[in-house]
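Each chain, written out:
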Amino acid sequence: MTIKSRTFSFFLTFFIFLFSTQVFALNVAGFPVYPKHPRIWFLQDDAGLQNATRLLSVAEVRQLARGPNSNYFRNLGVTSGGNTNHARNARVHAFRHVVSGLETDARDAFLELMNIGTNFNQYEAVDIVVPAACAYDWIYGWLVKPGNEVYFASATGKLRSIGRVAMGLGDHGPFSNITAAAYRGGGLLHAGMALDDQEMIDMAYAHYREELLRTANRVGIDGGWGEGLAYMNELYSKNMILTAELLFTATEGRLDLYISTNPFFEKYIPFTLFAIRPDFSYPRWSDIENFSPQYSHDLRENLLPLTFRFGSGLGQYLLSRLKDNYGYQSMYEVLWKRDAPAAVRPESVFVSNPERSALFRGLGLAIMRTGFSPDDTYVSFKASHWLSSHVHADAGHFEIFKNGPLAIDSGSYDEWGSKHMRNYYARTVAHNTLTIYDPNETSFNFSGQVNDGGQRYWNRNVFDTFQEGVEGTAPGKPFRGGSIQNYVTHANFTYINADLTGAYGRKVSEVGRQFFYFPNKKDALIVIVDRILVKDRRLPVSFLLHFDGDLTLSGNDFGLKNGHSTLYGRVMFPKKAVLMRRGAYEVNGRHYPPRVELPESGKGRLEISYPLQESNSVYFVTLLSVDQQVPAASLSDSADAMILEFTYAGMPIQITTGKLPQPSAGHISINGKRIFLGAGS
């Protein structure tokens, strides 16, 4: 397949944009030319493929190629079921044909291909178009044999009609419909290359370049973006990698330079490594559920090509921990695996606190961990301005995990738009951050939505495009959430200063959260300083902490026990705080339980507030200690600063933080050595 002049021009411009002077290695004479039929995923390595699979039985090949049905999408009510099965069955038989060379396998693939209908939506596009295109490409040699002209015409027409349906799904244009772009892009590139259909190829490249790639690099230069974070390794990340790998295959490796220098691909493995908790489960960020990625076929499928392309020992470590529960990835391992790198344990790479604390700035996400063993402490902190349909109103939220969840993101993703989701799960009240209750607040996403006193909830009328978040707030749409202003790592601590003001809207002049993390072997101490300037002192402010275990209260002290670990806490300010236990899913005295309660939904929350709020300036100083009693501490409070002093892990520590409305620069002293924390601290 020779690239047409307009496609060549696009590629040349694209590569110049990405690589500047490096691109000149890809001159006119040396620019990649697609083979007429690239044998998608196989390169020119049929002999190697047959050698790798020669000992497999027919039943094993079927299991390798088929994988699970699309139960996830069927449960959402968005899949046509039969089309997905026919497409995957077509790929099964085509894969067998490549391995066996038997004409009967090619004929079976053809029959399944012809049974695929054109009644499917954007969510199914990849699940249908990709396997259909692979099946067509893998039996192409049989289709063009003399005497098979009718088969060739029928199969070509069928795949083309499937591709045309995919082309018409959803909107197309920069950031207009990321979901549609994600699901269509990979499928269109498969179909376009198999058919030598330049229109499909051009549209796939447009998705990839204008929407997926641009969004990944601009918003998530450190590993992802808002919606991508909500889905972790599903939705568009799968198709970013799928598309890049297909480009690599079709150009016989000429895109290796591109893949190895792209921020999204480069950060994917480290992000995944840090994101997964010590028990190898996912955190509860946004609409993610805490299922074990050991059984995630999407994650394994993403990691396979990146691990082998980068030669990543950390990627191989992750793959060694991930189970292929459905036999879904084994086929791809045959296709992708060349020289597998040796697994490298993360402890040998990330050996000190600065290296075990990571900031993914594009996501507004910091992750801190004492190590990577099952009994290590894991802490995450979020402050992002991304506000989309699967991202929660949770700026300033943190999670603490050791031997089980201690401070959690509560609720269950029972269904998008359900009463539980609208009134609790996606709202501030379900997270470990602050609520500021204004009884007159009415700006919510759904009619009749309860006022939880939290942050502004995503609203289609206010925040409607991803372009705002990428290019800056659009005029007339000043809808920002939180952001991490300062991030400092040190041998003895990690410091985060977050501005949450934009998340709370007009009821505040300023909201800031300072987060100090002190690791000690496998335990940790966390100090949180909150500074809130409300426009009306009558608006009550509360500090929320959600738990999934047992809560004990004693004055300003409390304990959260779950299994083998306990989170001990003490409220240093206000000195006569009101500590109140609220029930699970409770908002203003009413409960909004999920239809189906998932693990870590939570047993309730601790709500900390003032006995009487006498000023517009509100402060909370809270100490949280993992598996050790909170150390003795003193707090001095003056007109312009608070000074907290304590000893931890044998080190005398003093934290000085400025007070509102114009806080002075803060600092921390450890063993008498002062460390400046940055402006606004």
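J.: Just checking my understanding: could you explain the pattern of salt bridges for this structure?
T.: Taken as a whole, this structure holds 23 salt bridges when the rule is applied. Between E607 and R582 there is a salt bridge; the shortest N-O distance is 3.3 Å. Of this pair, E607 sits in strand 18 (residues 604-609) while R582 sits in strand 15 (residues 578-583), placing them 25 residues apart in sequence. Classification of R582 as partly exposed rests on a relative accessible area of 27%. With a closest N to O distance of 3.3 Å, R605 and E607 form a salt bridge. For E607, a relative accessible area of 14% corresponds to the buried category. If you follow the salt bridges from partner to partner, you end up with R160, R164, D197 and E199 in one network.

J.: Whenever I open this one, unusual backbone geometry confuses me. Can you help?
T.: A negative phi angle characterises most non-glycine residues, just as the trans form characterises most peptide bonds. A cis amide bond links F573 with the next residue in sequence, P574, at an omega value of 5°. With respect to the helices and strands, the residue P574 is situated in the loop between strand 14 (565-573) and strand 15. The phi angle at Y585 is positive, at roughly 65°, despite the residue not being glycine. For Y585, a relative accessible area of 6% puts it in the buried group. Phi is positive for D627, close to 60°, though the residue is something other than glycine.

J.: Help me understand the pairing of strand 20 (residues 633-637), please; the structure alone is not making it clear to me.
T.: Each regular strand carries side chains that alternate between the two faces of the sheet. One ladder, built from 5 bridges, connects strand 20 with strand 21 (residues 641-648); its direction is antiparallel. In the strand pairing of strand 21, S636 is matched with I643. Counting the residues between successive antiparallel strands, the hairpin from strand 20 to strand 21 contains 3 residues.

J.: Looking at this structure, how should I read the pairing of strand 23 (residues 667-670)?
T.: By the alternation rule, side chains of strand 23 split into H667 and S669 and I668 and I670, which are all buried. Bridge count between strand 22 (residues 651-658) and strand 23: 4 bridges; the pairing is antiparallel. Its bridge partner lying in strand 23, Q654 is registered against S669. In this sheet, strand 24 (residues 673-676) lies alongside strand 23 in antiparallel orientation, the contact comprising 4 bridges. In the sheet register, H667 faces strand 24, and the bridge partner there is F676. Here strand 23 folds back onto strand 24, and the loop between the two strands holds 2 residues, one of which, N671, carries a positive phi near 55°.

J.: Is there a simple way to think about the packing of helix 15 (residues 263-275) against helix 17 (residues 313-321) in this case?
T.: Each pair of packed helices can be summarised by the angle the axes make with each other and by the distance between the axes. The contact between helix 15 and helix 17 brings their axes to 9 Å, and the two run at 45°. Taken together, the axis directions place helix 15 and helix 17 in an arrangement best described as oblique. Helix 17 is crossed by helix 15, and the crossing has left-handed handedness. Where helix 15 approaches helix 17, its residues I269, T272 and L273 are matched on the opposing element by L314, G315, Y317 and L318. Classifying every residue of the contact of helix 15 with helix 17 by side-chain character gives 5 nonpolar, 2 polar and no charged.

J.: When you look at the sheet that holds strand 18 in this model, what are you seeing that I'm missing?
T.: Two modes of strand pairing occur in sheets, parallel and antiparallel, and in both the strands are linked by backbone hydrogen bonds. One open sheet holds the 4 strands; their spatial order is 6-11-18-15, and the pairing between them is antiparallel. Looking at strand neighbours, the two that pair on one side only are strand 6 (434-436) and strand 15, the edges of this open sheet. The sheet shows a mean angle of 30° between the axes of neighbouring strands, direction not considered. Here 3 bridges tie strand 6 to strand 11 (residues 541-547), and the two strands are oriented antiparallel to one another. Pairing of I436 across the sheet is with V541, part of strand 11.

J.: Please explain the sheet that holds strand 8 (residues 494-499) as it appears in this structure.
T.: Taken in spatial order, the 8 strands line up as 7-8-9-10-19-14-13-12 in an open sheet, and their pairing is antiparallel. Two strands lie at the open edges of the sheet, namely strand 7 (483-489) and strand 12 (550-554), each paired on one side alone. When the angles between neighbouring strand axes are averaged without regard to direction, this sheet yields 15°.

Basis of the calculations
- Residues numbered from 1 in each chain as written.
- Predicted model: local features only at pLDDT ≥ 70, side-chain atom pairs only at ≥ 80, totals over all residues.
- Heavy atoms only, no water.
- Salt bridge = Lys/Arg side-chain N within 4 Å of Asp/Glu carboxyl O.
- Helix = DSSP H or I, 4+ residues; strand = E, 2+ residues; numbered from the N terminus.
- Buried < 20%, exposed > 50% of the residue type's maximum accessible area, 1.4 Å probe, protein only.
- Pairing = 2+ DSSP bridges.
- Axes fitted to C-alpha atoms, helices over the stretch in contact; angles between N-to-C directions.
- Parallel < 35°, antiparallel > 145°, perpendicular 65-115°, else oblique.
- Left-handed = near helix turned anticlockwise from the far one by under 90°.
- Contact = heavy atoms within 4.5 Å.
- Nonpolar A, V, L, I, M, F, W, Y, C, P; charged D, E, K, R; others polar.

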